Amino acid sequence: MFPVTSVLFALSLVAPALCASADEWRGRSIYQLITDRFALPDGASTTCDPAKQLRCGGTWNAIRDHLDYIQGAGFTAIWISPVTQAIEDTTAYGQAYHGYWAADISQLNSHMGTGDDLKALSDELHKRNMFLMVDVVVNNVAATSTTPDYSKYLFKDASMYHPYCKIEWGNTDSEQNCWLGDEKVPLPDVDTKNPTVVQTYNKWIAQLVSDYGIDGLRIDAAKHVNKDFWPGFCKAAGVFCIGEVFSDLAMDIPASFQGPDALDSVLNFPMREALSQAFAIPGPGNITALTTTFDQAKTKFKDVGLLGNFLENHDLPRWNSFSVDIQSLFNAMTFNFMSDGIPIVYYGQEQRFSGAADPLNREPFWPSNYEKGDTYAFIAKLNMLRNYLVTLPDWLKNPAELLTADEHGVAFIKGNVISILTNIGSPPQNGTHTAVKSPMLRQWAVGSGGMLSVEYTKACTDAIGQTETGAHAQALPSSSPRQYKLSSLLLLILVPCISSMLW
């Protein structure tokens, strides 16, 4: 460390190497996990109440012992919570089990293992042709007072931090120079314009990446750091950098943090909000929010193919905490996998965890017994399909295009794949017919003008692919997404009420 002064799909991705580029990440799918909550070493206590916000004992070695489970779902990368030292205090909000309350980041977090353990995890991932993404906290450290003892941090002089002040939200200077947190757990803001800080950070991240074979960085609170800090930092790291730029549907600020003057990518918070508005049940059924966000992203972001697509994370309520119909999750997930961007699944999503806001959304994973239920199988099918598609010429860089949308759903095409999604949920509904004009149908009779008719009036036995002459493919009940090969050039994915894929 730097001191202060299950077998993959047969058509696999290219072998990983250090200094993984943005393009090498473009075809990956990511499983996000909190180390402390994902897996325990043998003999550890299994007691873990997320509401108490205490350490539960997860380790890097235990993650390594459960890689078969992650790889079996088709994921080609994992993103783990911060690996560096966190404060030891038991605060008003519990302990730093999550790793985001940084202390001396030149040291590893001994609660999670040793340097050898972290390197062994990285090495095992690479043997499996998987990438390792590590969360890093650069904007701030953590304290229990607004007058902390700086000697316990990497930067030991108060001059390397901004003076304490409360954030004035909406004021960029304030958001980047004042302190996150509150007076119970303030987060002293590091001065990332200080030349010594910049130089030290760049040397530190280069060493961290090199020592542990890290392939990518997820950057916490990226928008709270001056944007011009990031190009030098990520160049020093030599790996793909994706930042957290929290937002709702508004995308101007997130979009401004992607590009050569900032980061390779950001997490797609605007699309996550749009998917929630479009598919959650109960919810507004706002398909317009989805289509508008889809269209705007193409003009505002530098490269939508590198955005991080997600529905859940450690800061947001889980999908099943606000949407009661599992089909809403399946449809929204399919959008993230089959449209532009890098799909990310937060641990427990595949187990239908339903924790609401932090800390309840940071459940221990081991009570699931790592079972492979229907949601796990559904994700595995999506990953298997996408892992194949990314091996085809140009599929990744062919932008997704909307074909049609109405109040009941949306259809889009990316490369040779059409996806048709609905927000009606499990019960059948009348008046939910969708007609999609395909630009690519060649050998399948689908009605005049290449029209494909989809209806959702028969719940789990919808007639899909119906033509004007009555020819149709009948969707049978299943627990996986359905695909219909309509010609040698086209793959059709229909996610109706049951949201499943026929292979």
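First, a word on what this report is: a plain description of the structure on this page.

The rules we used
- In this convention, every chain numbers its residues from 1, walking through the sequence in written order.
- In keeping with the model being predicted, local features are shown solely for residues with a pLDDT of at least 70 and side-chain atom pairs are shown and tallied solely at 80 or more, while totals for entire chains, interfaces and linings include all residues.
- Each side-chain value is derived from all of the structure's non-hydrogen atoms; neither hydrogens nor water enter the calculation.
- Helix and strand definitions follow DSSP, with helices as H or I runs of at least four residues and strands as E runs of at least two, each counted in order from the N terminus.
- Accessibility here uses a 1.4 Å probe with only protein chains present; expressed as a share of the type maximum, an area under 20% marks a residue as buried, one over 50% as exposed, and anything in between as partly exposed.
- Note on areas: these come from Shrake-Rupley sampling with a 1.4 Å probe, and a residue is covered only by the protein chains present in the view.
- The span expected for a helix works out to 1.5 Å for each residue beyond the first.
- Criterion used throughout: strands pair if DSSP finds at least two bridges between them.
- Contacts are residue-level and defined by heavy atoms, with any inter-residue pair within 4.5 Å sufficient.
- Fitted lines through C-alpha atoms serve as axes, helices being fitted only where they are in contact, and the angles separating the N-to-C directions of these axes extend from 0 to 180 degrees.
- Geometry of aromatic contacts follows a simple scheme: Phe, Tyr and Trp rings, the Trp one being its six-membered ring, pair when their centres are within 6.5 Å, and the pair is stacked under 30 degrees between planes, edge-to-face over 60, tilted otherwise.
- The criterion for a charge sitting over a ring is simple: Lys NZ or Arg CZ within 6 Å of the ring centre, and within 35 degrees of the ring normal.
- Criterion for a disulfide: a pair of cysteine sulfur atoms within 2.5 Å.
- When a carboxyl oxygen of Asp or Glu lies within 4 Å of a side-chain nitrogen of Lys or Arg, that pair is called a salt bridge.
- We call a crossover right-handed when, viewed with the strands running away from us, the connection from the first strand over the helix to the second turns clockwise.

## Points about the overall build of the chain
Here is step 1: Helix and strand counts for the chain stand at 13 helices and 19 strands.
Here is step 2: Across the 503 residues of the chain, 61% fall into the buried class.
Here is step 3: Accessible surface computed for the chain: about 18400 Å², of which carbon and sulfur atoms make up 53%.

## Quick notes on helix H13 (residues 374-389)
Here is step 1: Helix length check: H13, at 16 residues, gives a terminal C-alpha distance of 23 Å against a target of 22 Å (1.5 Å per residue), a fit within 8%.
Here is step 2: If you check which residues of H13 are buried, you get Thr375, Tyr376, Phe378, Ile379, Ala380, Leu382, Asn383, Leu385, Arg386, Asn387 and Leu389.

## Describing the sheet that holds strand E9 (residues 308-309)
Here is step 1: Reading across the sheet, the 8 strands line up as E8-E7-E6-E3-E2-E1-E10-E9 and stay open at both edges, with parallel pairing between neighbours. Lying at the two open borders of the sheet, with one neighbouring strand each, are strand E8 (265-266) and E9.
Here is step 2: Summarising the sheet, strand E3 (residues 131-136) and strand E6 (residues 216-219) pair through 4 bridges and their orientation is parallel. When the sheet's bridge partners are listed, Asp135 is paired in E6 with Arg218.
Here is step 3: Running at roughly 145° to E3, helix H7 (residues 195-212) makes contact with E3 and E6 of the sheet.

## Points about the packing of aromatic side chains
Here is step 1: All told, the structure shown has 30 aromatic pairs when counted by the stated rule.
Here is step 2: A ring pair is formed by Trp25 and Phe240, whose centres lie 5.7 Å apart and whose planes are at 25°; its orientation type is stacked. Note that Trp25 is positioned in helix H1 (residues 22-26) and Phe240 in strand E7 (residues 240-243), a separation of 215 residues in sequence. For the pair Trp25 and Phe240, a shared accessibility class is recorded, and that class is buried.
Here is step 3: Geometrically, the ring pair formed by Phe229 and Trp230 is edge-to-face, given 5.1 Å between the ring centres and 75° between the ring planes. A single burial state applies to Phe229 and to Trp230, both of which are buried.
Here is step 4: Through successive ring pairs, a cluster of aromatic residues spans Tyr31, Phe38, Tyr69, Phe75, Tyr346, Tyr347, Phe353, Phe365, Tyr370 and Tyr376.
Here is step 5: Here Arg37 stacks its cationic end above the ring of Tyr97, 3.9 Å away from the centre of that ring.

## A short note on the state of the cysteines
Here is step 1: What the rule picks out here adds up to 3 disulfides.
Here is step 2: Between Cys48 and Cys56 runs a disulfide, and the two sulfur atoms are separated by 2.0 Å. Taking the sign of the S-S torsion, 80° for the link of Cys48 and Cys56, the bridge is right-handed. With respect to class, Cys48 is no different from Cys56; both count as buried.
Here is step 3: Assigning the bonded cysteines of the chain consecutive numbers by sequence position, one obtains the connectivity 1-2, 3-4, 5-6.

## Here we look at the pattern of salt bridges
Between side chains of opposite charge, a pair can form as their charged atoms come close.
Here is step 1: Under the defined criterion, the tally for this structure stands at 21 salt bridges.
Here is step 2: One salt bridge connects Arg37 with Asp36, and the closest N-O pair in it is separated by 2.9 Å.
Here is step 3: Looking at Arg37, the relative accessible area reads 0%, which means it is buried.
Here is step 4: Relative accessible area serves as the criterion here: at 5%, Asp36 is assigned to the buried category.
Here is step 5: Salt-bridge contacts for Asp374 lead to Arg352; the nearest nitrogen and oxygen are separated by 2.8 Å. Highlighted residues: Asp374 in helix H13 and Arg352 in the loop between strand E10 (342-346) and H13, separated in sequence by 22 residues.
Here is step 6: Asp374 gets classed as partly exposed once you look at its relative accessible area, which sits at 35%.
Here is step 7: Shared partners join several salt bridges into a network, and the residues in it are Asp23, Arg26, Asp303 and Lys397.

## As for the pairing of E6
Here is step 1: Side chains of E6 alternate between two faces, with Gly216 and Arg218 and Leu217 and Ile219 buried alike.
Here is step 2: The sheet contact formed by E6 and E7 spans 4 bridges and is parallel. Within E7, the position partnered with Leu217 by the bridge is Cys241.
Here is step 3: Once the chain exits E6 it traverses helix H8 (residues 230-237) before rejoining the sheet at E7, and the crossover so formed is right-handed.

## Quick word on unusual backbone geometry
Here is step 1: Note the cis peptide between Ile281 and Pro282, where omega equals 0°.
Here is step 2: Relative to the elements of secondary structure, Pro282 occurs in the loop between helix H10 (269-279) and helix H11 (287-300).
Here is step 3: With an omega dihedral of 15°, the bond running from Asp358 to Pro359 counts as a cis peptide bond.
Here is step 4: If you trace the backbone, Pro359 turns up in the loop between E10 and H13.
Here is step 5: The backbone of Gln53 shows a phi angle near 60°, a positive value even though the residue is not glycine.
Here is step 6: The phi dihedral of Asp394 falls on the positive side, at around 70°, and the residue is not glycine.
Here is step 7: Residue classification places Asp394 among the exposed positions, given a relative accessible area of 55%.

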